[in-house]
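Each chain, letter by letter, is given below.
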Amino acid sequence: MNYSSIPVAQTVVQHCKAKDIRDIVISPGSRSAPLTIGFTEDPFFNCYSIVDERCAAFFALGMAQQRQRPVAVLCTSGSALLNYYPAVAEAFYSTIPLVVLSADRPLYKIDVGDGQTIRQDHVFDRHIGYSANLKQDVSHATEKIEKYAPHYLEGDMEAIQKGIQAYNDGELNKAINLAFDKRLPVHINVPFEEPLYDKITLPLVHPNIAGDKSVSIALEELDDFSKIWNASTRKMVLVGVNYPDSVQREFLETLAQDPSVIVLTETTSNMHHPNFFPSIDSIIAPIEKSSHTEELFAALRPDILLTFGGLVVSKKIKAFLRKYKPRHHWHIDPLRAYDTFFALNHHYKGSVNDFFGLFVPKIHAVESDYYGFWNRIKEDCEAKRKEYLEKIPFSDFLAFKHIFESTPGGVQLQLANSSTIRYAQLFDLKPSQEVFCNRGTSGIDGSLSTAVGAAMYNGKQTVLITGDLSFFYDSNGLWNNYLKSDFRIILINNDGGGIFRILPGQKESDTYATYFETTHKLDAEHLCAMHGVGYACANDEKSLKNQLDGFFESSVEPKLLEIKTPRILNNKILMQYFDFISSGIINHIL
(Lines give C-alpha, C1' and ligand atoms only; values in the text may rest on other atoms or scores of the structure.)
Protein backbone atom coordinates (compact mmCIF):
# COMPACT_ATOMS: atom_id res chain seq x y z
CA MET A 1 0.00 0.00 0.00
CA ASN A 2 1.21 3.51 -0.80
CA TYR A 3 1.41 6.45 1.60
CA SER A 4 2.05 10.13 1.12
CA SER A 5 5.65 10.96 1.92
CA ILE A 6 4.54 13.86 4.14
CA PRO A 7 4.29 12.96 7.86
CA VAL A 8 1.33 15.20 8.69
CA ALA A 9 -0.70 13.68 5.85
CA GLN A 10 0.00 10.21 7.19
CA THR A 11 -0.93 11.40 10.67
CA VAL A 12 -4.33 12.73 9.62
CA VAL A 13 -5.18 9.57 7.70
CA GLN A 14 -4.12 7.30 10.55
CA HIS A 15 -6.18 9.26 13.09
CA CYS A 16 -9.27 8.96 10.89
CA LYS A 17 -8.68 5.25 10.47
CA ALA A 18 -8.13 4.65 14.17
CA LYS A 19 -11.39 6.51 14.96
CA ASP A 20 -13.30 4.52 12.30
CA ILE A 21 -14.08 7.50 10.07
CA ARG A 22 -14.51 5.55 6.86
CA ASP A 23 -16.39 7.91 4.55
CA ILE A 24 -14.28 10.59 2.88
CA VAL A 25 -15.89 12.98 0.37
CA ILE A 26 -13.15 14.47 -1.76
CA SER A 27 -13.25 17.49 -4.06
CA PRO A 28 -10.38 17.73 -6.57
CA GLY A 29 -7.33 19.86 -5.94
CA SER A 30 -3.56 19.78 -5.96
CA ARG A 31 -2.72 21.12 -2.50
CA SER A 32 -4.82 18.34 -0.95
CA ALA A 33 -3.02 15.63 -2.96
CA PRO A 34 -1.12 14.21 0.06
CA LEU A 35 -4.38 13.51 1.89
CA THR A 36 -6.16 12.31 -1.24
CA ILE A 37 -3.33 9.85 -1.82
CA GLY A 38 -3.49 8.63 1.77
CA PHE A 39 -7.24 8.03 1.78
CA THR A 40 -7.68 6.61 -1.71
CA GLU A 41 -4.72 4.22 -1.45
CA ASP A 42 -6.14 2.59 1.70
CA PRO A 43 -9.06 0.17 1.05
CA PHE A 44 -10.31 0.84 4.60
CA PHE A 45 -11.86 4.11 3.40
CA ASN A 46 -14.93 4.68 1.26
CA CYS A 47 -13.93 7.60 -0.94
CA TYR A 48 -16.33 9.71 -2.98
CA SER A 49 -15.42 12.28 -5.62
CA ILE A 50 -17.63 15.39 -5.94
CA VAL A 51 -16.37 18.46 -7.77
CA ASP A 52 -18.61 21.15 -6.29
CA GLU A 53 -17.49 21.70 -2.71
CA ARG A 54 -20.85 23.02 -1.53
CA CYS A 55 -22.58 19.92 -2.88
CA ALA A 56 -19.81 17.71 -1.49
CA ALA A 57 -20.31 19.06 2.02
CA PHE A 58 -24.07 18.56 1.92
CA PHE A 59 -23.58 15.09 0.44
CA ALA A 60 -21.36 14.27 3.43
CA LEU A 61 -23.94 15.86 5.74
CA GLY A 62 -26.59 13.50 4.37
CA MET A 63 -24.40 10.48 5.06
CA ALA A 64 -23.56 11.68 8.57
CA GLN A 65 -27.24 12.39 9.18
CA GLN A 66 -28.08 8.76 8.46
CA ARG A 67 -25.06 7.14 10.10
CA GLN A 68 -25.16 9.44 13.14
CA ARG A 69 -21.38 9.41 13.17
CA PRO A 70 -18.65 11.57 11.60
CA VAL A 71 -18.08 11.78 7.87
CA ALA A 72 -15.08 13.69 6.46
CA VAL A 73 -14.90 16.17 3.60
CA LEU A 74 -11.60 17.09 1.98
CA CYS A 75 -10.74 20.07 -0.21
CA THR A 76 -7.81 22.02 -1.55
CA SER A 77 -6.69 25.46 -0.41
CA GLY A 78 -8.31 28.82 -1.13
CA SER A 79 -11.97 29.59 -1.73
CA ALA A 80 -12.78 25.86 -2.03
CA LEU A 81 -13.00 25.76 1.75
CA LEU A 82 -15.49 28.62 1.93
CA ASN A 83 -17.99 26.62 -0.12
CA TYR A 84 -18.30 24.22 2.82
CA TYR A 85 -19.71 26.93 5.07
CA PRO A 86 -23.47 26.44 4.43
CA ALA A 87 -23.20 22.73 5.27
CA VAL A 88 -20.95 23.43 8.27
CA ALA A 89 -23.53 25.87 9.66
CA GLU A 90 -26.31 23.32 9.08
CA ALA A 91 -24.27 20.63 10.81
CA PHE A 92 -23.58 22.96 13.73
CA TYR A 93 -27.25 23.74 14.38
CA SER A 94 -28.45 20.21 13.60
CA THR A 95 -25.70 18.58 15.71
CA ILE A 96 -24.39 16.47 12.84
CA PRO A 97 -20.69 15.57 13.06
CA LEU A 98 -18.76 16.65 9.97
CA VAL A 99 -14.97 16.50 9.90
CA VAL A 100 -13.73 19.22 7.55
CA LEU A 101 -10.22 18.60 6.23
CA SER A 102 -8.65 21.47 4.33
CA ALA A 103 -5.24 21.55 2.73
CA ASP A 104 -3.41 24.85 3.13
CA ARG A 105 -0.25 26.53 2.00
CA PRO A 106 2.55 27.06 4.51
CA LEU A 107 2.04 29.94 6.90
CA TYR A 108 4.89 31.89 5.34
CA LYS A 109 3.04 31.91 1.99
CA ILE A 110 -0.17 33.43 3.36
CA ASP A 111 -0.82 37.09 2.48
CA VAL A 112 2.26 37.42 0.28
CA GLY A 113 0.46 37.23 -3.08
CA ASP A 114 0.60 33.46 -3.57
CA GLY A 115 -2.24 32.07 -5.67
CA GLN A 116 -5.22 30.13 -4.31
CA THR A 117 -4.43 31.30 -0.79
CA ILE A 118 -6.67 32.77 1.88
CA ARG A 119 -6.63 32.94 5.69
CA GLN A 120 -8.00 29.47 6.39
CA ASP A 121 -7.30 29.21 10.09
CA HIS A 122 -10.47 29.65 12.18
CA VAL A 123 -12.43 30.40 9.02
CA PHE A 124 -15.63 28.88 10.47
CA ASP A 125 -15.12 30.65 13.81
CA ARG A 126 -18.54 30.78 15.51
CA HIS A 127 -20.10 27.79 13.73
CA ILE A 128 -17.59 25.06 14.52
CA GLY A 129 -17.05 22.74 17.46
CA TYR A 130 -13.25 22.96 17.24
CA SER A 131 -10.65 24.36 14.87
CA ALA A 132 -7.38 22.45 14.69
CA ASN A 133 -4.64 24.27 12.80
CA LEU A 134 -1.90 21.73 12.37
CA LYS A 135 1.78 22.58 12.08
CA GLN A 136 3.92 22.09 9.01
CA ASP A 137 6.50 19.32 9.11
CA VAL A 138 10.12 20.46 9.05
CA SER A 139 11.32 17.04 7.88
CA HIS A 140 9.57 17.54 4.54
CA ALA A 141 10.72 20.13 1.96
CA THR A 142 13.39 21.28 4.40
CA GLU A 143 15.30 23.21 1.75
CA LYS A 144 12.27 25.39 1.02
CA ILE A 145 11.71 26.04 4.71
CA GLU A 146 15.35 27.04 5.04
CA LYS A 147 14.86 29.47 2.16
CA TYR A 148 11.52 31.04 3.20
CA ALA A 149 11.29 30.54 6.99
CA PRO A 150 14.71 29.64 8.41
CA HIS A 151 13.56 30.39 11.95
CA TYR A 152 11.47 27.20 11.78
CA LEU A 153 14.73 25.24 11.83
CA GLU A 154 16.42 26.86 14.81
CA GLY A 155 17.44 24.07 17.17
CA ASP A 156 17.68 20.29 16.91
CA MET A 157 15.77 19.17 13.80
CA GLU A 158 14.72 15.83 15.24
CA ALA A 159 13.41 17.44 18.42
CA ILE A 160 11.55 20.09 16.42
CA GLN A 161 9.85 17.44 14.28
CA LYS A 162 8.92 15.41 17.39
CA GLY A 163 7.36 18.50 18.91
CA ILE A 164 5.38 19.12 15.73
CA GLN A 165 4.20 15.51 15.69
CA ALA A 166 3.11 15.69 19.33
CA TYR A 167 1.25 18.94 18.73
CA ASN A 168 -0.54 17.61 15.65
CA ASP A 169 -1.52 14.40 17.44
CA GLY A 170 -2.96 16.44 20.29
CA GLU A 171 -4.98 18.68 18.01
CA LEU A 172 -6.32 15.77 15.98
CA ASN A 173 -7.34 13.90 19.12
CA LYS A 174 -9.18 16.96 20.44
CA ALA A 175 -10.98 17.66 17.17
CA ILE A 176 -12.06 14.15 16.23
CA ASN A 177 -13.03 13.15 19.76
CA LEU A 178 -15.19 16.26 20.03
CA ALA A 179 -16.93 15.41 16.76
CA PHE A 180 -17.95 12.08 18.25
CA ASP A 181 -18.74 13.33 21.75
CA LYS A 182 -20.55 16.60 20.99
CA ARG A 183 -21.92 15.72 17.52
CA LEU A 184 -20.55 18.95 16.10
CA PRO A 185 -18.59 19.81 12.96
CA VAL A 186 -14.84 20.28 13.40
CA HIS A 187 -12.26 21.84 11.11
CA ILE A 188 -8.75 20.45 10.65
CA ASN A 189 -6.49 22.72 8.57
CA VAL A 190 -3.34 21.04 7.25
CA PRO A 191 -0.45 23.03 5.72
CA PHE A 192 1.63 21.40 2.98
CA GLU A 193 4.77 22.52 1.18
CA GLU A 194 5.65 21.10 -2.23
CA PRO A 195 6.37 18.45 -3.44
CA LEU A 196 2.87 17.09 -2.87
CA TYR A 197 2.62 13.89 -4.89
CA ASP A 198 5.51 11.79 -3.63
CA LYS A 199 4.62 8.33 -2.30
CA ILE A 200 6.33 5.77 -0.10
CA THR A 201 5.41 2.16 0.67
CA LEU A 202 5.92 2.23 4.45
CA PRO A 203 4.56 4.77 6.94
CA LEU A 204 6.96 7.23 8.52
CA VAL A 205 4.93 8.01 11.63
CA HIS A 206 3.15 6.15 14.40
CA PRO A 207 0.75 8.71 15.82
CA ASN A 208 -0.29 8.95 19.45
CA ILE A 209 -4.02 8.32 19.17
CA ALA A 210 -6.08 8.98 22.29
CA GLY A 211 -9.66 7.86 22.80
CA ASP A 212 -12.56 9.94 24.00
CA LYS A 213 -12.35 10.54 27.75
CA SER A 214 -15.81 12.07 28.13
CA VAL A 215 -18.04 10.72 30.87
CA SER A 216 -21.76 10.14 30.69
CA ILE A 217 -23.93 12.67 32.46
CA ALA A 218 -26.20 11.32 35.18
CA LEU A 219 -29.67 12.80 35.28
CA GLU A 220 -30.52 14.62 38.45
CA GLU A 221 -33.15 13.60 40.95
CA LEU A 222 -36.59 14.14 39.42
CA ASP A 223 -38.85 13.96 42.47
CA ASP A 224 -39.52 17.68 42.64
CA PHE A 225 -40.27 17.88 38.93
CA SER A 226 -42.59 14.87 39.00
CA LYS A 227 -44.58 16.53 41.82
CA ILE A 228 -45.05 19.64 39.68
CA TRP A 229 -46.06 17.44 36.73
CA ASN A 230 -48.59 15.43 38.75
CA ALA A 231 -50.16 18.62 40.12
CA SER A 232 -50.71 20.13 36.66
CA THR A 233 -53.84 19.69 34.56
CA ARG A 234 -52.36 21.19 31.39
CA LYS A 235 -49.11 19.76 30.04
CA MET A 236 -47.88 20.27 26.51
CA VAL A 237 -45.15 18.11 24.96
CA LEU A 238 -43.63 19.66 21.82
CA VAL A 239 -41.28 17.55 19.70
CA GLY A 240 -38.91 19.02 17.12
CA VAL A 241 -36.59 17.23 14.70
CA ASN A 242 -36.20 13.67 15.94
CA TYR A 243 -34.67 10.49 14.54
CA PRO A 244 -37.13 7.70 13.65
CA ASP A 245 -37.79 5.10 16.35
CA SER A 246 -35.52 6.88 18.80
CA VAL A 247 -38.02 7.15 21.67
CA GLN A 248 -39.28 3.99 23.35
CA ARG A 249 -42.90 3.26 22.53
CA GLU A 250 -43.94 2.69 26.15
CA PHE A 251 -43.01 6.29 27.02
CA LEU A 252 -45.02 7.69 24.11
CA GLU A 253 -47.97 5.58 25.19
CA THR A 254 -47.82 7.00 28.70
CA LEU A 255 -47.98 10.55 27.35
CA ALA A 256 -50.70 9.70 24.84
CA GLN A 257 -53.01 8.19 27.47
CA ASP A 258 -52.83 11.07 29.94
CA PRO A 259 -55.90 13.36 29.58
CA SER A 260 -53.89 16.28 30.95
CA VAL A 261 -51.27 16.03 28.17
CA ILE A 262 -51.31 17.06 24.53
CA VAL A 263 -48.37 16.01 22.37
CA LEU A 264 -47.63 18.30 19.41
CA THR A 265 -45.48 16.79 16.67
CA GLU A 266 -44.22 17.77 13.23
CA THR A 267 -43.35 15.67 10.19
CA THR A 268 -39.68 15.82 11.22
CA SER A 269 -40.55 14.52 14.71
CA ASN A 270 -40.95 11.00 13.27
CA MET A 271 -43.38 10.17 16.08
CA HIS A 272 -46.89 8.85 15.52
CA HIS A 273 -49.86 8.05 17.70
CA PRO A 274 -53.60 8.55 17.13
CA ASN A 275 -53.73 10.81 20.19
CA PHE A 276 -50.92 13.10 19.04
CA PHE A 277 -51.43 16.42 17.23
CA PRO A 278 -49.37 16.26 14.00
CA SER A 279 -50.65 19.44 12.31
CA ILE A 280 -49.89 22.27 14.72
CA ASP A 281 -50.81 25.13 12.39
CA SER A 282 -54.23 23.58 11.75
CA ILE A 283 -54.90 24.08 15.46
CA ILE A 284 -53.34 27.51 15.92
CA ALA A 285 -54.61 29.20 12.73
CA PRO A 286 -58.32 28.77 13.50
CA ILE A 287 -57.72 30.29 16.94
CA GLU A 288 -56.02 33.30 15.35
CA LYS A 289 -59.09 33.84 13.17
CA SER A 290 -61.61 33.25 15.92
CA SER A 291 -63.61 35.98 17.66
CA HIS A 292 -62.56 34.25 20.92
CA THR A 293 -58.81 34.32 20.28
CA GLU A 294 -57.70 35.43 23.73
CA GLU A 295 -60.01 33.00 25.50
CA LEU A 296 -58.91 30.05 23.39
CA PHE A 297 -55.21 30.80 23.61
CA ALA A 298 -55.59 31.08 27.36
CA ALA A 299 -57.21 27.63 27.34
CA LEU A 300 -54.36 26.23 25.24
CA ARG A 301 -51.62 27.79 27.36
CA PRO A 302 -49.85 24.97 29.21
CA ASP A 303 -48.73 24.98 32.81
CA ILE A 304 -45.77 22.83 31.76
CA LEU A 305 -44.07 22.76 28.37
CA LEU A 306 -41.80 19.75 27.90
CA THR A 307 -39.69 19.82 24.74
CA PHE A 308 -37.18 17.53 23.10
CA GLY A 309 -35.75 17.04 19.64
CA GLY A 310 -34.24 19.64 17.34
CA LEU A 311 -35.59 22.86 15.93
CA VAL A 312 -39.32 23.41 15.42
CA VAL A 313 -40.78 24.38 12.03
CA SER A 314 -44.06 26.05 13.04
CA LYS A 315 -43.80 29.83 13.42
CA LYS A 316 -47.31 29.85 14.83
CA ILE A 317 -46.49 27.69 17.84
CA LYS A 318 -43.39 29.77 18.51
CA ALA A 319 -45.41 32.97 18.43
CA PHE A 320 -48.09 31.47 20.68
CA LEU A 321 -45.69 30.17 23.33
CA ARG A 322 -43.70 33.39 23.35
CA LYS A 323 -46.83 35.37 24.12
CA TYR A 324 -48.63 32.84 26.31
CA LYS A 325 -45.62 31.56 28.19
CA PRO A 326 -45.83 28.34 30.20
CA ARG A 327 -45.07 28.50 33.91
CA HIS A 328 -42.46 25.80 33.42
CA HIS A 329 -40.45 24.98 30.29
CA TRP A 330 -38.23 21.93 30.55
CA HIS A 331 -36.03 20.71 27.72
CA ILE A 332 -34.40 17.29 27.36
CA ASP A 333 -31.14 16.98 25.43
CA PRO A 334 -27.69 15.65 26.33
CA LEU A 335 -25.92 18.68 24.86
CA ARG A 336 -27.89 21.90 24.44
CA ALA A 337 -31.16 23.64 25.19
CA TYR A 338 -32.36 26.60 23.15
CA ASP A 339 -34.58 29.08 24.96
CA THR A 340 -36.81 29.27 21.88
CA PHE A 341 -39.85 30.56 23.75
CA PHE A 342 -37.96 32.77 26.23
CA ALA A 343 -39.37 30.71 29.08
CA LEU A 344 -36.80 27.96 29.71
CA ASN A 345 -36.60 26.95 33.37
CA HIS A 346 -34.60 23.74 33.23
CA HIS A 347 -32.37 21.72 30.94
CA TYR A 348 -32.25 17.97 31.57
CA LYS A 349 -28.86 16.92 30.26
CA GLY A 350 -29.45 13.38 29.14
CA SER A 351 -31.10 11.28 26.47
CA VAL A 352 -34.87 11.29 26.08
CA ASN A 353 -35.12 7.61 26.92
CA ASP A 354 -32.95 7.97 30.02
CA PHE A 355 -35.09 10.87 31.19
CA PHE A 356 -38.41 9.11 30.68
CA GLY A 357 -37.01 5.90 32.12
CA LEU A 358 -36.58 7.75 35.43
CA PHE A 359 -39.53 10.12 35.08
CA VAL A 360 -42.40 7.88 33.95
CA PRO A 361 -42.42 5.66 37.07
CA LYS A 362 -42.87 8.83 39.16
CA ILE A 363 -45.84 10.30 37.29
CA HIS A 364 -49.48 9.36 36.82
CA ALA A 365 -52.38 10.40 34.63
CA VAL A 366 -54.25 13.47 35.85
CA GLU A 367 -57.96 14.02 35.39
CA SER A 368 -58.43 16.89 32.94
CA ASP A 369 -60.32 17.96 29.81
CA TYR A 370 -57.17 19.52 28.32
CA TYR A 371 -56.61 16.70 25.82
CA GLY A 372 -60.31 16.07 25.24
CA PHE A 373 -61.14 19.68 24.42
CA TRP A 374 -58.32 20.11 21.94
CA ASN A 375 -58.78 16.67 20.44
CA ARG A 376 -62.35 17.61 19.48
CA ILE A 377 -60.97 20.66 17.71
CA LYS A 378 -58.35 18.51 15.98
CA GLU A 379 -60.98 16.05 14.74
CA ASP A 380 -63.17 18.85 13.39
CA CYS A 381 -60.19 20.44 11.64
CA GLU A 382 -59.26 17.11 10.05
CA ALA A 383 -62.82 16.66 8.78
CA LYS A 384 -62.78 20.21 7.39
CA ARG A 385 -59.43 19.60 5.69
CA LYS A 386 -60.78 16.51 3.95
CA GLU A 387 -63.85 18.46 2.81
CA TYR A 388 -61.72 21.36 1.55
CA LEU A 389 -59.35 19.17 -0.44
CA GLU A 390 -62.28 17.63 -2.30
CA LYS A 391 -63.41 21.00 -3.65
CA ILE A 392 -60.23 22.93 -4.56
CA PRO A 393 -58.74 23.21 -8.07
CA PHE A 394 -55.29 22.02 -9.08
CA SER A 395 -52.65 23.79 -7.00
CA ASP A 396 -49.69 23.19 -4.70
CA PHE A 397 -52.04 22.12 -1.91
CA LEU A 398 -53.86 19.54 -4.05
CA ALA A 399 -50.57 18.32 -5.52
CA PHE A 400 -49.19 17.64 -2.04
CA LYS A 401 -52.36 15.71 -1.17
CA HIS A 402 -51.79 13.35 -4.09
CA ILE A 403 -48.05 13.13 -3.46
CA PHE A 404 -48.45 12.03 0.16
CA GLU A 405 -51.29 9.65 -0.68
CA SER A 406 -49.25 8.01 -3.45
CA THR A 407 -45.85 7.87 -1.75
CA PRO A 408 -45.50 4.35 -0.35
CA GLY A 409 -44.78 3.51 3.24
CA GLY A 410 -41.33 2.40 4.23
CA VAL A 411 -39.48 5.13 2.31
CA GLN A 412 -37.12 7.85 3.43
CA LEU A 413 -38.58 11.29 2.73
CA GLN A 414 -36.12 14.12 2.34
CA LEU A 415 -38.00 17.42 2.36
CA ALA A 416 -36.66 20.71 1.07
CA ASN A 417 -37.20 23.87 3.09
CA SER A 418 -39.54 26.80 2.54
CA SER A 419 -42.96 25.83 1.13
CA THR A 420 -42.30 22.08 0.96
CA ILE A 421 -41.72 21.51 4.66
CA ARG A 422 -44.64 23.79 5.56
CA TYR A 423 -47.14 22.06 3.29
CA ALA A 424 -45.98 18.73 4.69
CA GLN A 425 -47.05 19.85 8.18
CA LEU A 426 -50.66 19.98 7.02
CA PHE A 427 -50.89 16.28 6.16
CA ASP A 428 -50.76 13.01 8.07
CA LEU A 429 -47.78 11.09 6.73
CA LYS A 430 -47.52 7.32 6.90
CA PRO A 431 -45.93 6.18 10.19
CA SER A 432 -43.46 3.90 8.36
CA GLN A 433 -42.01 6.85 6.42
CA GLU A 434 -38.82 8.40 7.79
CA VAL A 435 -38.71 12.17 7.39
CA PHE A 436 -35.64 14.41 7.26
CA CYS A 437 -35.11 18.09 6.50
CA ASN A 438 -32.20 20.48 7.00
CA ARG A 439 -33.84 22.52 9.74
CA GLY A 440 -30.62 23.62 11.43
CA THR A 441 -30.40 26.77 9.33
CA SER A 442 -33.58 26.11 7.29
CA GLY A 443 -31.88 27.19 4.06
CA ILE A 444 -32.95 26.15 0.57
CA ASP A 445 -29.35 25.30 -0.32
CA GLY A 446 -28.18 21.70 -0.25
CA SER A 447 -31.47 19.78 -0.01
CA LEU A 448 -30.79 17.74 -3.15
CA SER A 449 -27.16 16.99 -2.24
CA THR A 450 -28.16 16.02 1.30
CA ALA A 451 -30.77 13.60 -0.04
CA VAL A 452 -28.29 11.99 -2.44
CA GLY A 453 -25.81 11.50 0.40
CA ALA A 454 -28.49 10.21 2.77
CA ALA A 455 -29.54 7.62 0.20
CA MET A 456 -26.07 6.07 0.38
CA TYR A 457 -26.67 4.79 3.91
CA ASN A 458 -30.42 4.43 4.20
CA GLY A 459 -31.55 1.05 2.95
CA LYS A 460 -35.00 2.40 2.14
CA GLN A 461 -35.92 4.13 -1.08
CA THR A 462 -35.16 7.85 -0.85
CA VAL A 463 -37.73 10.36 -2.11
CA LEU A 464 -36.83 14.05 -2.25
CA ILE A 465 -39.74 16.49 -2.38
CA THR A 466 -38.56 19.96 -3.30
CA GLY A 467 -39.63 23.32 -4.64
CA ASP A 468 -38.23 24.80 -7.82
CA LEU A 469 -35.86 27.41 -6.34
CA SER A 470 -34.35 24.90 -3.92
CA PHE A 471 -33.90 22.34 -6.69
CA PHE A 472 -32.32 24.64 -9.26
CA TYR A 473 -30.15 26.28 -6.59
CA ASP A 474 -28.63 22.88 -5.79
CA SER A 475 -28.87 21.29 -9.22
CA ASN A 476 -25.15 20.43 -9.11
CA GLY A 477 -26.27 17.85 -6.55
CA LEU A 478 -27.00 15.66 -9.60
CA TRP A 479 -23.39 16.01 -10.79
CA ASN A 480 -21.88 12.87 -9.30
CA ASN A 481 -21.76 9.13 -9.82
CA TYR A 482 -23.75 8.18 -6.72
CA LEU A 483 -27.40 8.57 -7.75
CA LYS A 484 -29.11 5.29 -6.93
CA SER A 485 -31.55 3.87 -9.45
CA ASP A 486 -34.43 3.95 -6.94
CA PHE A 487 -33.78 7.61 -6.05
CA ARG A 488 -36.86 9.73 -6.72
CA ILE A 489 -37.30 13.52 -6.94
CA ILE A 490 -40.69 15.22 -6.88
CA LEU A 491 -40.26 18.82 -8.01
CA ILE A 492 -43.07 21.31 -7.35
CA ASN A 493 -42.47 24.02 -9.94
CA ASN A 494 -44.63 27.10 -9.39
CA ASP A 495 -42.30 29.39 -11.36
CA GLY A 496 -40.70 31.07 -8.36
CA GLY A 497 -40.52 31.37 -4.60
CA GLY A 498 -44.17 30.71 -3.89
CA ILE A 499 -43.78 31.13 -0.16
CA PHE A 500 -43.33 34.89 -0.66
CA ARG A 501 -46.90 35.12 -1.91
CA ILE A 502 -48.03 34.04 1.57
CA LEU A 503 -45.99 36.77 3.25
CA PRO A 504 -46.88 40.48 3.44
CA GLY A 505 -46.05 42.69 0.47
CA GLN A 506 -47.33 44.05 -2.84
CA LYS A 507 -47.52 40.65 -4.51
CA GLU A 508 -48.63 41.84 -7.93
CA SER A 509 -45.84 44.38 -8.44
CA ASP A 510 -42.90 43.85 -10.78
CA THR A 511 -40.52 44.54 -7.91
CA TYR A 512 -42.07 41.80 -5.80
CA ALA A 513 -42.00 39.28 -8.67
CA THR A 514 -38.39 40.07 -9.55
CA TYR A 515 -36.72 40.49 -6.18
CA PHE A 516 -38.80 38.34 -3.83
CA GLU A 517 -40.55 35.62 -5.83
CA THR A 518 -37.77 35.62 -8.45
CA THR A 519 -40.15 34.32 -11.08
CA HIS A 520 -38.78 32.21 -13.93
CA LYS A 521 -39.78 29.89 -16.75
CA LEU A 522 -37.31 27.10 -16.10
CA ASP A 523 -38.01 23.39 -16.13
CA ALA A 524 -35.86 20.38 -15.25
CA GLU A 525 -36.14 18.34 -18.44
CA HIS A 526 -32.72 19.17 -19.90
CA LEU A 527 -30.97 18.89 -16.52
CA CYS A 528 -32.39 15.39 -16.19
CA ALA A 529 -31.24 14.44 -19.68
CA MET A 530 -27.72 15.72 -18.93
CA HIS A 531 -27.45 13.70 -15.71
CA GLY A 532 -29.19 10.50 -16.81
CA VAL A 533 -32.32 11.00 -14.72
CA GLY A 534 -35.69 9.84 -16.04
CA TYR A 535 -38.07 12.77 -16.50
CA ALA A 536 -41.85 13.10 -16.37
CA CYS A 537 -44.11 16.13 -16.06
CA ALA A 538 -47.62 16.84 -14.78
CA ASN A 539 -49.58 20.06 -15.02
CA ASP A 540 -53.07 19.09 -13.84
CA GLU A 541 -54.72 16.66 -11.45
CA LYS A 542 -55.33 13.96 -14.04
CA SER A 543 -51.78 13.93 -15.39
CA LEU A 544 -50.41 14.01 -11.83
CA LYS A 545 -52.37 10.90 -10.86
CA ASN A 546 -51.19 9.16 -14.02
CA GLN A 547 -47.54 10.05 -13.47
CA LEU A 548 -47.58 9.05 -9.79
CA ASP A 549 -48.94 5.64 -10.75
CA GLY A 550 -45.82 3.48 -10.97
CA PHE A 551 -43.41 6.35 -10.27
CA PHE A 552 -41.93 4.64 -7.22
CA GLU A 553 -41.52 1.20 -8.80
CA SER A 554 -38.04 -0.17 -9.53
CA SER A 555 -36.21 1.23 -12.55
CA VAL A 556 -32.78 1.25 -14.15
CA GLU A 557 -32.32 4.99 -13.54
CA PRO A 558 -33.34 7.57 -10.96
CA LYS A 559 -36.48 9.52 -11.78
CA LEU A 560 -37.79 13.06 -11.43
CA LEU A 561 -41.43 14.10 -11.62
CA GLU A 562 -41.93 17.80 -12.25
CA ILE A 563 -45.33 19.16 -11.19
CA LYS A 564 -46.18 22.56 -12.63
CA THR A 565 -48.71 24.45 -10.53
CA PRO A 566 -50.41 27.87 -10.95
CA ARG A 567 -48.22 30.53 -9.33
CA ILE A 568 -50.96 33.14 -8.86
CA LEU A 569 -53.52 30.71 -7.41
CA ASN A 570 -51.45 28.68 -4.94
CA ASN A 571 -51.26 31.17 -2.09
CA LYS A 572 -54.97 32.01 -2.29
CA ILE A 573 -55.94 28.35 -1.96
CA LEU A 574 -53.65 27.89 1.03
CA MET A 575 -54.88 30.99 2.85
CA GLN A 576 -58.50 30.08 2.12
CA TYR A 577 -57.83 26.67 3.69
CA PHE A 578 -57.19 28.25 7.08
CA ASP A 579 -60.33 30.36 6.67
CA PHE A 580 -62.33 27.27 5.77
CA ILE A 581 -61.26 25.09 8.69
CA SER A 582 -61.79 28.03 11.01
CA SER A 583 -65.38 28.67 9.96
CA GLY A 584 -67.81 27.57 12.62
CA ILE A 585 -65.46 25.14 14.41
CA ILE A 586 -64.10 27.13 17.31
CA ASN A 587 -67.28 29.06 18.05
CA HIS A 588 -69.34 25.86 17.86
CA ILE A 589 -67.11 24.09 20.39
CA LEU A 590 -67.20 27.02 22.76
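Analysis parameters
Residues numbered from 1 in each chain as written. Predicted model: local features only at pLDDT ≥ 70, side-chain atom pairs only at ≥ 80, totals over all residues. Heavy atoms only, no water. Phe/Tyr/Trp six-rings, centres within 6.5 Å; stacked < 30°, edge-to-face > 60°. Lys NZ or Arg CZ within 6 Å of the ring centre and 35° of its normal. Pairing = 2+ DSSP bridges. Helix = DSSP H or I, 4+ residues; strand = E, 2+ residues; numbered from the N terminus. Axes fitted to C-alpha atoms, helices over the stretch in contact; angles between N-to-C directions. Contact = heavy atoms within 4.5 Å.

1. Side note on the packing of aromatic side chains
In the structure shown here, the tally under the stated rule is 36 aromatic pairs. Three or more aromatic residues joined by ring pairs form one cluster here, namely F225, W229, F251, F308, W330, Y348, F355, F356 and F359. Across from the ring centre of Y167, 4.4 Å away, lies the NZ or CZ of K135, which sits over that ring. Taking NZ or CZ as reference, R336 lies 5.3 Å from the ring centre of F92, over its face.

2. Comments concerning the sheet that holds strand β6 (residues 130-133)
Spatially, six strands are ordered β3-β2-β4-β5-β7-β6 in an open sheet, and the strand pairing comes out parallel. Unpaired on one side and paired on the other, β3 (46-49) and β6 mark the two borders of the sheet. Recorded for the sheet is a direction-independent mean angle of 20° between the axes of neighbouring strands. With three bridges connecting them, strand β2 (residues 23-26) and strand β4 (residues 71-75) associate as parallel partners. Paired with V25 across the two strands is V73, which belongs to β4.

3. Remarks on the sheet that holds strand β13 (residues 346-348)
Read across the sheet, five strands follow the order β10-β9-β11-β12-β13 without closing on themselves; strand pairing throughout is parallel. Edge positions in the sheet fall to β10 (261-264) and β13, since each of these pairs with one other strand and no more. In this sheet, adjacent strand axes meet at a mean angle of 20° when their direction is disregarded. Of the pairings in the sheet, the one linking strand β12 (residues 328-332) to β13 comprises three bridges and is parallel in character. Bridging across to β13, H331 finds its partner in H347. Packing of helix α11 (residues 315-323) onto the sheet brings it into contact with β9 (235-239), β10 and β11 (304-308), and relative to β9 it is tilted by some 140°.

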